[in-house]
Each structure stands twice: as C-alpha cells, then as structure tokens.
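Remarks on the overall topology
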Amino acid sequence: MRSTFAPCRSSIAVSFFDRIFVADSFSCRLDKGTHAALNRFRDIARKAGENHTRTVWVLKCDIRKFFASVNQTILLKQLFERIPDEDIRWLLAEIVGSFNSGQSGVGIPLGNLTSQLFANVYLNELDQFVKQDLRYPNYVRYADDFVFVSPHKNELLAVLPIVFDYLQSNLRLAMHPDKIILKTFASGIDFLGWTHFLDHRVLRKTTERRMFKRIAEQSGKATLKSYLGLLSHGNTCGLRWLIANRGVADPLIGNNQ
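This is a predicted model, so every value here is computed, not measured. Numbering of residues starts from 1 in each chain and follows the order in which that chain's sequence is written. Side-chain atom pairs in this predicted model are given and counted only at pLDDT of 80 or more, local residue features only at pLDDT of at least 70, and totals for whole chains, interfaces and linings cover all residues. Calculated side-chain values reflect all of the structure's heavy atoms, with hydrogen atoms and water omitted.

**Quick look at helix α2 (residues 34-48)**
- In this description a helix means any DSSP run of H or I spanning at least four residues, a strand means any run of E spanning at least two, and both kinds are numbered starting from the N terminus. Given the number of residues in a helix, its expected span is that number minus one, multiplied by 1.5 Å. Here α2 spans 21 Å end to end across 15 residues, near enough to the 21 Å set by a 1.5 Å rise per residue.
- Residues A37, L38, F41, I44, A45 and A48 constitute the buried set of α2. Looking straight down α2, one finds its buried side chains confined to an arc of 135°; they lie on one side. The classification of residues rests on relative accessible area computed with a 1.4 Å probe and restricted to protein chains. Under 20% of the type maximum is buried, over 50% is exposed, and intermediate values are partly exposed. Think of the arc as the fan of directions from the helix axis to the C-beta atoms.

**What about the packing of aromatic side chains?**
- Here is the rule: rings of Phe, Tyr and Trp (six-membered ring for Trp) pair when centre to centre is within 6.5 Å. Planes less than 30 degrees apart are stacked, more than 60 are edge-to-face, and the remainder are tilted. Summed over the entire model, instances satisfying the criterion amount to 10 aromatic pairs.
- On the numbers, 5.3 Å between centres and 45° between planes, the contact of F41 with F185 is tilted. Here F41, found in helix α2, pairs with F185, found in the loop between β5 (181-184) and β6 (189-191); they are 144 residues apart in sequence, far enough to count as distant.
- We classify F41 as buried; its relative accessible area is 0%.
- With 6.1 Å between their ring centres and 85° between their planes, F146 and F148 make a pair best called edge-to-face.

**Re the nonpolar core**
- In terms of nonpolar packing, the biggest core is built from 39 residues, with F66, L75, L126, F146, F148, L167 and L171 touching the most fellow members.
- Counting residues per element, the ones that place at least two in this core are β2 (57-62), α3 (66-69), α4 (72-80), α5 (86-97), α6 (113-133), β4 (145-150) and α7 (153-171).
- Ranked by the residues each element gives to this core, the list is headed by α6, at 9 residues.
- In this analysis, two residues are considered to be in contact whenever any of their non-hydrogen atoms come within 4.5 Å of each other. Here L171 is in contact with I74, Q78, Y122, L123, E125, L126 and Y166, once residues within four sequence places are set aside.
- Counting 20 residues, the second largest nonpolar core, distinct from the first, contains I44, V56, Y142 and L203. Residues grouped as a nonpolar core are buried Ala, Val, Leu, Ile, Met, Phe, Trp, Tyr and Cys residues, joined through side-chain atoms within 4.5 Å.

**Topic: the layout of surface pockets**
- Estimated volume of the second largest pocket: approximately 260 Å³.
- Only protein atoms enter the calculation, which uses a 1 Å grid: trapped sets of points that fit a 1.4 Å probe without letting it out are cavities, open sets showing protein on both sides within 12 Å along at least five of seven lines are pockets, and any residue with an atom within 4 Å of a point is a lining residue. In terms of lining residues, the second largest pocket is bounded by 13 residues, among which T34, Y142, D145, L192 and G193 are the most central.
- Gly falls in the polar group here, along with every residue not listed as nonpolar (Ala, Val, Leu, Ile, Met, Phe, Trp, Tyr, Cys, Pro) or charged (Asp, Glu, Lys, Arg). Looking at the lining of the second largest pocket residue by residue, the classes come out as 6 nonpolar, 3 polar and 4 charged. Grid points are joined across faces, edges and corners, and a volume is the space filled by probe spheres set on the points.

Structure below.
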C-alpha cells in the first residue's frame, strides 16, 4: 500500500480544475454558489427578453439519479487526462472505486465534497458541448440542474433531443422525464429553490415549508440568521418579518430583538 502520498487540500483541487470550467457552471466553485447562479439566470433571461420587451422561453432539465449514475470509467478518464502524476491517479482511483450504487463501476457518493468536484468535472463535458459545439450562450448549470433560455420556443425544442442524446451517448446519463419543463419565464420558473418571474423571484412553497419546519425544530439564532440571509435574495419581506419576530434582528426590515 502506498503511504508516501500527502493529499492536497480540497480548495487546491477545486482551483486546479476551475480553469477548465465554463463561466456558467455553478456549485462548489469560488464565487459560484447558489446566489450567483440565480443572478446569472435572471441576467440572461433579461438579456434574451430585451429587458422584458419580448417573450422569453425556458427549458429546464434535470438528470435522473445523477450521482448514482456516474460512470466511473468515464470519470477517471476525464481526471487522468489532466493529471499526469501516478500517485494522485492512484488515490483518485481508490476514492472513486470505493463506492458503487449497486452496480459495479457506477456511482459516486451523494454529499461528499469530492463528489461535488467530480460532478463538475463529469458534467464539464456537457458544458463544453453546449458552449463550444452548439454555441449556445444562454445556458446555466448548477450541479445536475440546468436551463436553456431563448426568445424562440422552437429553438429550445430543437436543443432538447440533441442534449438528451449527448448525455446518453457520451456520459451514460438520462434526463428525468418528469422534470423536463418548457414554459415562458413570465409564467414562473422553478429553479434552485425559487420561483422566478420577470421582475422578481419568490421562495418555492416546498422550500418555505421546509424552512419553517427546520426553524421550529432548531430555533437557535444561527439558524434564523441563516434563513434571513437566504431570504434577502428575493421578494420575501413578509417571510422575513415572520422570522425576525421570532427574536432575531433583520436589518432589511428594521426589526430588533
């Protein structure tokens, strides 16, 4: 067994791969968290709709059981193409091969920090295909959720089967059939816990219920302040008032303990 290898810190590993990722890939990247993804989605929709002067369509997709479906051979090939060091290759093979989702050579564990990085590496192939081959600019991906934006519905209808086939043929992944959504931005787009409209966004009802359930179970100040921070990124004055009146100050609405 090898014992001389000292693994790099996760932040170094993330920054090493970050240079290969497209700008519109979010999650587990510096300054590329949920709020950055939400704002980028809003900005490209506004641009596609010429500042709300024309109808904007959104195609929202989700990969079915993504983490349980990652092909380990494909993932290791992607990693090894960029990492020549044999010790690091060995370690990565050990990490990836230590888990399977019930089928040998398939799956990475959900929730691990390494898996979040691996997800970006794995789906970078999709990002590059969309940006370089399809030359599609209005695209945002956060983990295994991704959206296409266009003023032309037929354009999105044409993109869908191409991306569907690419995922299946090149990455051995399948879209979730019940989570492929094509609708106008004005009708409300559910993305990353929020429902988005042309000029505002509101917290998704299921997210709101989960939030209040957690607050009831964990009433500490840290939990309340965390949710107040989350809610500051949307049209949520009423919700923030309810939370702030549980005893935590919210500077956005002027409540004090």
